[in-house]
Amino acid sequence: MRQKLESIRNDALKEISVASDLSQVNDIRVKFLGKKGELTNVLRGMGALSADERPVIGQLANEVRESIEREIEQKMSVLREAEKLAQLSRETIDVTLPGRPFQIGKRHPLTVVLDEIKEIFLGLGFEIAETPEVEVDYYNFEALNFPADHPARDMQDSFYISPGVLLRTHTSGTQPRVMEKRAPYIPLKVIGPGRVYRRDDDATHSPMFHQIEGFIIDKNISFSDLKGTLLVVVRQMFGEDRQIRLRPSFFPFTEPSAEVDVSCIMCNGAGCRVCSNTGWLEILGAGMIHPNVLKMSGYDPEEVTGFAFGLGVERVAMLKYGIDDLRLLFDNDKRFLAQF
Ligand code: PHE
(Lines give C-alpha, C1' and ligand atoms only; values in the text may rest on other atoms or scores of the structure.)
Protein backbone atom coordinates (compact mmCIF):
# COMPACT_ATOMS: atom_id res chain seq x y z
CA MET A 1 0.00 0.00 0.00
CA ARG A 2 2.90 2.27 0.82
CA GLN A 3 4.25 1.69 -2.64
CA LYS A 4 0.93 2.31 -4.23
CA LEU A 5 0.64 5.68 -2.44
CA GLU A 6 4.14 6.69 -3.49
CA SER A 7 3.45 5.85 -7.09
CA ILE A 8 0.19 7.86 -6.99
CA ARG A 9 2.19 10.82 -5.74
CA ASN A 10 4.83 10.43 -8.47
CA ASP A 11 2.27 10.00 -11.25
CA ALA A 12 0.22 12.94 -10.10
CA LEU A 13 3.15 15.31 -9.75
CA LYS A 14 4.46 14.31 -13.13
CA GLU A 15 1.10 14.92 -14.81
CA ILE A 16 0.70 18.25 -13.09
CA SER A 17 4.11 19.41 -14.21
CA VAL A 18 3.30 18.83 -17.89
CA ALA A 19 -0.30 20.15 -17.81
CA SER A 20 -0.65 23.20 -20.02
CA ASP A 21 -4.05 24.65 -19.17
CA LEU A 22 -6.49 25.03 -16.28
CA SER A 23 -8.96 22.41 -17.47
CA GLN A 24 -6.22 19.81 -17.66
CA VAL A 25 -5.20 20.57 -14.09
CA ASN A 26 -8.78 20.20 -13.05
CA ASP A 27 -9.03 16.81 -14.73
CA ILE A 28 -5.93 15.71 -12.82
CA ARG A 29 -7.54 16.79 -9.55
CA VAL A 30 -10.57 14.62 -10.32
CA LYS A 31 -8.48 11.69 -11.45
CA PHE A 32 -6.40 11.52 -8.27
CA LEU A 33 -8.36 13.25 -5.52
CA GLY A 34 -11.97 12.99 -6.70
CA LYS A 35 -14.64 10.80 -5.12
CA LYS A 36 -13.77 7.98 -7.49
CA GLY A 37 -10.12 9.04 -7.77
CA GLU A 38 -7.08 6.86 -7.28
CA LEU A 39 -6.16 8.07 -3.82
CA THR A 40 -9.68 7.59 -2.55
CA ASN A 41 -9.66 4.11 -3.98
CA VAL A 42 -6.53 3.16 -2.08
CA LEU A 43 -7.93 4.55 1.16
CA ARG A 44 -10.96 2.28 0.79
CA GLY A 45 -8.58 -0.67 1.29
CA MET A 46 -7.38 0.65 4.69
CA GLY A 47 -9.80 -1.60 6.54
CA ALA A 48 -7.71 -4.64 5.64
CA LEU A 49 -4.61 -3.26 7.41
CA SER A 50 -3.49 -4.19 10.88
CA ALA A 51 -4.05 -1.79 13.76
CA ASP A 52 -0.33 -0.90 13.81
CA GLU A 53 -0.14 -0.13 10.14
CA ARG A 54 -3.29 1.90 9.85
CA PRO A 55 -2.08 5.19 11.44
CA VAL A 56 1.23 5.03 9.55
CA ILE A 57 -0.42 4.50 6.19
CA GLY A 58 -3.11 7.06 7.11
CA GLN A 59 -0.48 9.68 7.76
CA LEU A 60 1.31 8.91 4.51
CA ALA A 61 -1.97 9.14 2.60
CA ASN A 62 -2.54 12.60 4.08
CA GLU A 63 0.93 13.71 3.09
CA VAL A 64 0.36 12.49 -0.44
CA ARG A 65 -2.96 14.31 -0.66
CA GLU A 66 -1.44 17.50 0.68
CA SER A 67 1.51 17.47 -1.69
CA ILE A 68 -0.76 16.87 -4.69
CA GLU A 69 -3.09 19.66 -3.58
CA ARG A 70 -0.18 22.05 -3.07
CA GLU A 71 1.21 21.29 -6.49
CA ILE A 72 -2.21 21.79 -8.13
CA GLU A 73 -2.64 25.18 -6.43
CA GLN A 74 0.75 26.33 -7.55
CA LYS A 75 0.29 25.18 -11.09
CA MET A 76 -3.08 26.87 -11.29
CA SER A 77 -1.75 30.21 -10.17
CA VAL A 78 1.10 29.99 -12.68
CA LEU A 79 -1.37 29.19 -15.47
CA ARG A 80 -3.74 32.00 -14.43
CA GLU A 81 -0.95 34.52 -14.44
CA ALA A 82 0.15 33.36 -17.90
CA GLU A 83 -3.40 33.67 -19.18
CA LYS A 84 -3.65 37.22 -17.88
CA LEU A 85 -0.41 38.24 -19.56
CA ALA A 86 -1.52 36.65 -22.83
CA GLN A 87 -4.80 38.58 -22.66
CA LEU A 88 -3.03 41.85 -21.97
CA SER A 89 -0.76 41.41 -24.94
CA ARG A 90 -3.77 40.69 -27.19
CA GLU A 91 -5.70 43.79 -26.08
CA THR A 92 -4.68 47.26 -27.03
CA ILE A 93 -6.27 50.41 -25.66
CA ASP A 94 -7.08 53.37 -27.86
CA VAL A 95 -6.27 56.25 -25.55
CA THR A 96 -7.62 58.76 -28.06
CA LEU A 97 -11.24 57.51 -27.74
CA PRO A 98 -13.56 60.14 -26.22
CA GLY A 99 -14.82 59.34 -22.68
CA ARG A 100 -18.30 58.02 -22.10
CA PRO A 101 -20.82 60.67 -21.05
CA PHE A 102 -22.13 60.48 -17.48
CA GLN A 103 -25.85 60.01 -17.08
CA ILE A 104 -26.97 62.76 -14.82
CA GLY A 105 -29.79 61.72 -12.48
CA LYS A 106 -32.88 63.77 -11.73
CA ARG A 107 -35.35 64.14 -8.91
CA HIS A 108 -37.92 61.40 -8.44
CA PRO A 109 -41.44 62.51 -9.46
CA LEU A 110 -42.57 62.17 -5.84
CA THR A 111 -39.78 64.45 -4.70
CA VAL A 112 -40.74 66.96 -7.39
CA VAL A 113 -44.34 66.96 -6.17
CA LEU A 114 -43.33 67.08 -2.49
CA ASP A 115 -41.03 70.04 -3.10
CA GLU A 116 -43.75 71.82 -5.02
CA ILE A 117 -46.32 71.32 -2.26
CA LYS A 118 -43.84 72.44 0.41
CA GLU A 119 -43.16 75.58 -1.63
CA ILE A 120 -46.87 76.38 -1.78
CA PHE A 121 -47.30 76.06 2.00
CA LEU A 122 -44.12 77.99 2.77
CA GLY A 123 -45.64 80.76 0.65
CA LEU A 124 -48.72 80.68 2.89
CA GLY A 125 -46.59 81.09 6.03
CA PHE A 126 -46.47 77.46 7.20
CA GLU A 127 -43.38 75.98 8.83
CA ILE A 128 -42.16 72.42 8.10
CA ALA A 129 -41.85 69.83 10.87
CA GLU A 130 -40.47 66.32 10.46
CA THR A 131 -41.53 63.70 12.98
CA PRO A 132 -40.53 60.03 13.42
CA GLU A 133 -41.60 57.24 11.07
CA VAL A 134 -41.23 54.67 13.84
CA GLU A 135 -43.84 56.02 16.20
CA VAL A 136 -45.24 55.19 19.59
CA ASP A 137 -48.91 54.37 20.08
CA TYR A 138 -49.43 57.59 22.00
CA TYR A 139 -48.76 59.95 19.07
CA ASN A 140 -50.15 57.74 16.31
CA PHE A 141 -53.43 57.01 18.12
CA GLU A 142 -53.91 57.96 21.76
CA ALA A 143 -53.17 61.70 21.52
CA LEU A 144 -55.38 61.80 18.40
CA ASN A 145 -58.41 60.70 20.36
CA PHE A 146 -58.32 57.06 19.27
CA PRO A 147 -58.89 55.25 22.56
CA ALA A 148 -57.39 51.74 22.89
CA ASP A 149 -59.60 49.21 21.04
CA HIS A 150 -61.38 51.94 19.07
CA PRO A 151 -62.62 50.36 15.81
CA ALA A 152 -61.19 53.28 13.79
CA ARG A 153 -57.76 51.75 14.46
CA ASP A 154 -58.70 48.78 12.29
CA MET A 155 -58.80 50.94 9.16
CA GLN A 156 -55.09 51.43 9.68
CA ASP A 157 -54.23 47.82 10.49
CA SER A 158 -50.57 48.38 10.91
CA PHE A 159 -46.95 47.21 11.16
CA TYR A 160 -45.94 46.86 14.80
CA ILE A 161 -42.27 46.90 15.79
CA SER A 162 -43.00 45.89 19.38
CA PRO A 163 -46.03 46.35 21.64
CA GLY A 164 -46.85 50.06 21.58
CA VAL A 165 -44.33 50.91 18.83
CA LEU A 166 -45.31 50.89 15.15
CA LEU A 167 -44.55 52.30 11.71
CA ARG A 168 -46.79 55.35 11.71
CA THR A 169 -50.01 54.86 9.77
CA HIS A 170 -50.47 58.53 9.00
CA THR A 171 -48.69 61.85 9.49
CA SER A 172 -51.33 63.08 11.93
CA GLY A 173 -48.97 62.38 14.86
CA THR A 174 -47.27 65.59 13.72
CA GLN A 175 -50.16 67.47 15.36
CA PRO A 176 -49.67 66.36 19.00
CA ARG A 177 -45.88 66.16 18.63
CA VAL A 178 -45.58 69.78 17.53
CA MET A 179 -48.45 71.09 19.70
CA GLU A 180 -47.09 69.78 22.99
CA LYS A 181 -43.73 71.42 22.28
CA ARG A 182 -45.16 74.77 21.25
CA ALA A 183 -48.37 75.24 23.27
CA PRO A 184 -49.80 77.78 23.94
CA TYR A 185 -48.05 79.56 21.05
CA ILE A 186 -50.35 80.97 18.32
CA PRO A 187 -50.71 81.20 15.41
CA LEU A 188 -49.26 77.73 14.86
CA LYS A 189 -49.12 76.87 11.14
CA VAL A 190 -47.31 73.63 10.39
CA ILE A 191 -46.94 71.04 7.65
CA GLY A 192 -45.45 67.62 8.32
CA PRO A 193 -44.46 65.63 5.21
CA GLY A 194 -43.23 62.05 5.33
CA ARG A 195 -43.61 58.34 4.79
CA VAL A 196 -46.46 56.34 6.28
CA TYR A 197 -47.22 52.60 6.31
CA ARG A 198 -50.37 50.50 6.00
CA ARG A 199 -51.23 46.93 5.13
CA ASP A 200 -52.46 47.71 1.62
CA ASP A 201 -51.06 46.67 -1.75
CA ASP A 202 -52.70 47.15 -5.16
CA ALA A 203 -52.72 49.50 -8.18
CA THR A 204 -53.80 52.47 -6.06
CA HIS A 205 -52.38 51.48 -2.64
CA SER A 206 -48.84 50.75 -1.54
CA PRO A 207 -47.78 49.54 1.94
CA MET A 208 -45.52 52.60 2.09
CA PHE A 209 -46.71 55.95 0.83
CA HIS A 210 -46.32 59.65 1.55
CA GLN A 211 -48.60 62.14 3.21
CA ILE A 212 -48.41 65.78 4.05
CA GLU A 213 -50.10 66.73 7.27
CA GLY A 214 -51.07 70.35 7.71
CA PHE A 215 -52.69 72.24 10.54
CA ILE A 216 -53.34 75.69 11.92
CA ILE A 217 -54.17 76.72 15.48
CA ASP A 218 -55.22 80.28 16.27
CA LYS A 219 -58.09 82.30 17.68
CA ASN A 220 -61.26 82.07 15.61
CA ILE A 221 -60.11 79.53 13.02
CA SER A 222 -63.24 78.28 11.30
CA PHE A 223 -64.28 75.68 8.78
CA SER A 224 -64.36 78.34 6.08
CA ASP A 225 -60.65 78.98 6.72
CA LEU A 226 -60.06 75.30 6.05
CA LYS A 227 -62.04 75.37 2.85
CA GLY A 228 -60.42 78.60 1.63
CA THR A 229 -56.90 77.36 2.35
CA LEU A 230 -57.49 74.06 0.57
CA LEU A 231 -58.98 75.82 -2.46
CA VAL A 232 -55.93 78.08 -2.77
CA VAL A 233 -53.57 75.13 -2.43
CA VAL A 234 -55.43 72.93 -4.91
CA ARG A 235 -55.51 75.73 -7.48
CA GLN A 236 -51.80 76.37 -7.14
CA MET A 237 -51.17 72.66 -7.49
CA PHE A 238 -53.53 71.71 -10.32
CA GLY A 239 -54.51 75.00 -11.99
CA GLU A 240 -56.77 77.99 -11.37
CA ASP A 241 -59.88 76.36 -12.88
CA ARG A 242 -60.05 73.52 -10.29
CA GLN A 243 -63.00 73.22 -7.93
CA ILE A 244 -63.10 71.38 -4.61
CA ARG A 245 -65.92 69.53 -2.91
CA LEU A 246 -66.17 68.54 0.75
CA ARG A 247 -68.06 65.42 1.80
CA PRO A 248 -68.89 64.64 5.45
CA SER A 249 -66.59 61.99 6.91
CA PHE A 250 -65.24 60.72 10.22
CA PHE A 251 -61.85 60.92 11.90
CA PRO A 252 -61.54 60.59 15.68
CA PHE A 253 -59.25 63.63 15.82
CA THR A 254 -61.37 66.09 13.82
CA GLU A 255 -64.93 67.23 14.29
CA PRO A 256 -66.56 67.89 11.93
CA SER A 257 -64.54 65.90 9.39
CA ALA A 258 -64.54 65.85 5.61
CA GLU A 259 -63.12 64.03 2.62
CA VAL A 260 -62.00 66.54 0.03
CA ASP A 261 -62.36 65.97 -3.71
CA VAL A 262 -60.90 67.98 -6.57
CA SER A 263 -62.70 68.30 -9.90
CA CYS A 264 -61.24 65.71 -12.26
CA ILE A 265 -58.08 66.89 -13.99
CA MET A 266 -58.62 64.61 -17.00
CA CYS A 267 -62.22 65.44 -17.92
CA ASN A 268 -62.71 68.71 -16.05
CA GLY A 269 -65.68 67.32 -14.17
CA ALA A 270 -67.56 65.83 -17.12
CA GLY A 271 -66.92 62.22 -16.01
CA CYS A 272 -64.31 59.81 -17.36
CA ARG A 273 -62.50 56.55 -16.59
CA VAL A 274 -60.04 58.15 -14.18
CA CYS A 275 -62.76 59.60 -11.94
CA SER A 276 -65.12 56.62 -12.42
CA ASN A 277 -67.56 58.96 -14.16
CA THR A 278 -68.12 61.04 -11.04
CA GLY A 279 -66.18 64.10 -12.19
CA TRP A 280 -64.36 64.20 -8.82
CA LEU A 281 -61.17 62.73 -7.35
CA GLU A 282 -60.51 62.29 -3.64
CA ILE A 283 -57.17 63.72 -2.54
CA LEU A 284 -57.32 64.42 1.19
CA GLY A 285 -58.99 64.07 4.57
CA ALA A 286 -59.57 67.11 6.75
CA GLY A 287 -61.55 68.66 9.57
CA MET A 288 -61.62 70.94 12.62
CA ILE A 289 -59.19 69.68 15.28
CA HIS A 290 -61.15 67.89 18.00
CA PRO A 291 -61.22 69.76 21.36
CA ASN A 292 -59.85 66.63 23.09
CA VAL A 293 -56.80 66.69 20.83
CA LEU A 294 -56.15 70.36 21.58
CA LYS A 295 -56.58 69.77 25.31
CA MET A 296 -54.34 66.68 25.49
CA SER A 297 -51.47 68.58 23.85
CA GLY A 298 -51.74 71.75 25.91
CA TYR A 299 -54.09 74.11 24.04
CA ASP A 300 -57.31 75.46 25.58
CA PRO A 301 -60.21 74.64 23.23
CA GLU A 302 -62.15 77.54 24.80
CA GLU A 303 -59.44 79.94 23.64
CA VAL A 304 -58.36 78.61 20.26
CA THR A 305 -59.56 76.43 17.41
CA GLY A 306 -57.78 74.80 14.52
CA PHE A 307 -58.11 72.86 11.32
CA ALA A 308 -56.06 69.93 10.04
CA PHE A 309 -55.75 68.00 6.82
CA GLY A 310 -53.78 65.05 5.45
CA LEU A 311 -52.88 64.99 1.77
CA GLY A 312 -51.79 61.86 -0.16
CA VAL A 313 -48.66 62.73 -2.13
CA GLU A 314 -48.75 59.72 -4.51
CA ARG A 315 -52.35 60.62 -5.33
CA VAL A 316 -51.31 64.12 -6.30
CA ALA A 317 -48.41 62.83 -8.44
CA MET A 318 -50.68 60.33 -10.21
CA LEU A 319 -53.25 63.01 -10.99
CA LYS A 320 -50.71 65.61 -12.05
CA TYR A 321 -48.87 63.27 -14.42
CA GLY A 322 -51.70 60.90 -15.41
CA ILE A 323 -49.99 57.84 -13.87
CA ASP A 324 -52.47 54.98 -13.68
CA ASP A 325 -50.53 52.52 -11.49
CA LEU A 326 -49.04 53.73 -8.24
CA ARG A 327 -46.50 50.89 -8.18
CA LEU A 328 -44.66 52.52 -11.11
CA LEU A 329 -43.50 55.16 -8.64
CA PHE A 330 -41.60 52.54 -6.63
CA ASP A 331 -40.26 50.17 -9.34
CA ASN A 332 -37.22 52.35 -10.07
CA ASP A 333 -37.48 51.67 -13.78
CA LYS A 334 -35.35 54.29 -15.53
CA ARG A 335 -37.60 54.30 -18.61
CA PHE A 336 -40.42 55.51 -16.37
CA LEU A 337 -38.42 57.88 -14.18
CA ALA A 338 -36.69 59.57 -17.14
CA GLN A 339 -40.03 61.02 -18.24
CA PHE A 340 -40.32 63.57 -15.46
N1 PHE B 1 -54.75 61.08 8.96
C2 PHE B 1 -55.91 60.91 8.10
C3 PHE B 1 -55.66 59.69 7.22
O4 PHE B 1 -54.56 59.29 7.06
C5 PHE B 1 -56.14 62.13 7.24
C6 PHE B 1 -56.50 63.36 8.05
C7 PHE B 1 -55.53 64.24 8.48
C8 PHE B 1 -57.83 63.62 8.35
C9 PHE B 1 -55.89 65.38 9.20
C10 PHE B 1 -58.18 64.74 9.06
C11 PHE B 1 -57.20 65.61 9.48
O12 PHE B 1 -56.58 59.13 6.66
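Calculation rules
Residues numbered from 1 in each chain as written. Predicted model: local features only at pLDDT ≥ 70, side-chain atom pairs only at ≥ 80, totals over all residues. Heavy atoms only, no water. Domains from an automatic or database assignment. Helix = DSSP H or I, 4+ residues; strand = E, 2+ residues; numbered from the N terminus. Buried < 20%, exposed > 50% of the residue type's maximum accessible area, 1.4 Å probe, protein only. Contact = heavy atoms within 4.5 Å. Patch = residues over 30% accessible without salt bridge, like charges linked within 9 Å, V, L, I, M, F, W, Y side chains within 5 Å. Areas by Shrake-Rupley, 256 points an atom, 1.4 Å probe, with all protein chains shown as cover. Salt bridge = Lys/Arg side-chain N within 4 Å of Asp/Glu carboxyl O. Near = heavy atom within 4 Å. Polar contact = N/O pair within 3.5 Å; in protein donor to acceptor, adjacent residues only side chain to side chain. Nonpolar A, V, L, I, M, F, W, Y, C, P; charged D, E, K, R; others polar. Core = buried A, V, L, I, M, F, W, Y, C linked by side-chain atoms within 4.5 Å. Pairing = 2+ DSSP bridges. Axes fitted to C-alpha atoms, helices over the stretch in contact; angles between N-to-C directions. Phe/Tyr/Trp six-rings, centres within 6.5 Å; stacked < 30°, edge-to-face > 60°. Lys NZ or Arg CZ within 6 Å of the ring centre and 35° of its normal.

Draft legend 1. Expanded view of the domain arrangement of the protein chain. Domain boundaries in the protein chain define domain 1 (2-90) and domain 2 (109-337). Computed over C-alpha atoms, the centres of domain 1 and domain 2 are 71 Å apart.

Draft legend 2. Representation of the environment of Ile-120. Position of Ile-120 relative to the elements: it lies in helix H5 (residues 109-123). Taking relative accessible area as the criterion, Ile-120 reaches 8% and is therefore assigned buried. The sequence separation of Ile-120 and Leu-97 amounts to 23 residues, and the corresponding C-alpha distance is 48 Å. In this structure Ile-120 touches Val-233, Gln-236 and Met-237, once residues within four positions along its chain are discounted.

Draft legend 3. Molecular detail of the environment of Ala-308. Tracing the chain through its elements places Ala-308 in strand S10 (residues 305-312). Expressed as a C-alpha distance, the spacing of Ala-308 and Ala-51, which sit 257 residues apart in the sequence, is 89 Å. Those residues in contact with Ala-308, other than ones at most four positions away along the chain, are Gln-175, Gly-214, Phe-215, Leu-226, Thr-254, Gly-285, Ala-286, Gly-287 and Ile-289.

Draft legend 4. Spatial organisation of a nonpolar patch on the surface. On the surface, a cluster of nonpolar side chains totalling about 220 Å² of accessible area is made up of Val-136, Tyr-138 and Met-296. Looking at the secondary structure, you find Val-136 in strand S2 (residues 134-136).

Draft legend 5. A look at the site of the ligand. With respect to spatial proximity, 14 residues lie near the ligand, and among them His-170, Ser-172, Arg-198, Gln-211 and Gly-310 are the closest. Within the side chain of His-170, a nitrogen or oxygen atom sits 3.0 Å from a nitrogen atom of the ligand. Between the ligand and Ser-172, the relevant distance is 2.8 Å, taken from a nitrogen atom to a side-chain nitrogen or oxygen of the residue. Every element with two or more residues in the shell around the ligand is listed here: strand S6 (208-218), strand S9 (280-289) and S10. The greatest single-element share of the shell around the ligand, amounting to 3 residues, is contributed by S10. Of the residues that constitute the shell around the ligand, the class distribution is 5 nonpolar, 7 polar and 2 charged.

Draft legend 6. Representation of the nonpolar core. Judged by nonpolar contacts, the single largest core of 42 residues is most densely connected at Ile-117, Leu-230, Met-237, Phe-238, Ile-283, Leu-284 and Leu-311. Where this core is concerned, the elements lending two or more residues are H5, S6, helix H8 (223-238), strand S8 (254-263), S9, S10, helix H10 (313-321) and helix H11 (334-337). Look past the residues within four positions of Leu-311 in its chain and what remains in contact with it is Ile-117, His-210, Gln-211, Ile-212, Met-237, Ile-283, Leu-284 and Val-316. Grouped together as the second largest cluster of nonpolar side chains are 21 residues, Ala-12, Ile-16, Ala-19 and Val-25 included.

Draft legend 7. Structural view of the sheet that holds strand S3 (residues 160-162). Taken in spatial order, the 3 strands line up as S2-S4-S3 in an open sheet, and their pairing is antiparallel. The sheet terminates laterally at S2 and S3, the two strands that pair on one side only. Direction aside, neighbouring strands of the sheet carry axes that sit 35° apart on average. Note: S2 against strand S4 (residues 165-167), 3 bridges, orientation antiparallel.

Draft legend 8. The sheet that holds S9, seen in detail. Within the open sheet, the 7 strands sit side by side as S1-S5-S6-S10-S9-S8-S7. Their pairing is mixed. The open sheet is flanked by strand S1 (127-128) and strand S7 (244-251), the only strands paired with a single partner. As judged from the 8 bridges shared by S6 and S10, these two strands associate in the antiparallel manner. By the bridge assignment, Ile-216 is partnered in S10 with Phe-307. Its contacts with the sheet place helix H7 (residues 174-182) against S1, strand S5 (188-197), S6, S9 and S10, and it is angled at close to 40° to S6. Most of the contacts of H10 go to S10, to which it runs at about 55°, and overall it touches S6, S8, S9 and S10.

Draft legend 9. Quick look at the side chain of Ser-257. Residue placement: Ser-257 occurs in strand S8. Taking relative accessible area as the criterion, Ser-257 reaches 7% and is therefore assigned buried. Here the side chain of Ser-257 touches Phe-251 through a polar contact of 3.2 Å, landing on its backbone nitrogen. In terms of polar contacts, Ser-257 uses its side chain to reach the side chain of Thr-254, at 2.6 Å. Here Ser-257 is in contact with Arg-247, Pro-248, Ser-249, Phe-250, Phe-251, Ala-286 and Gly-287, once residues within four sequence places are set aside.

Draft legend 10. Region of the structure containing the packing of aromatic side chains. All chains considered together, the criterion is met by 9 aromatic pairs. With centroids separated by 5.1 Å and ring planes inclined at 80°, the aromatic side chains of Tyr-138 and Tyr-139 adopt a geometry described as edge-to-face. Taking the relative accessible area as the measure of exposure, Tyr-138 reaches 31% and is therefore partly exposed. Pairing Phe-251 with Phe-253 gives two aromatic rings, centres 5.7 Å apart and planes at 35°, and the pair type is tilted. In this structure, Phe-251 and Phe-253 share a single accessibility class: buried. Here the guanidinium or amino end of Arg-182 rests over the ring plane of Tyr-185, the centre of that ring lying 5.3 Å away.

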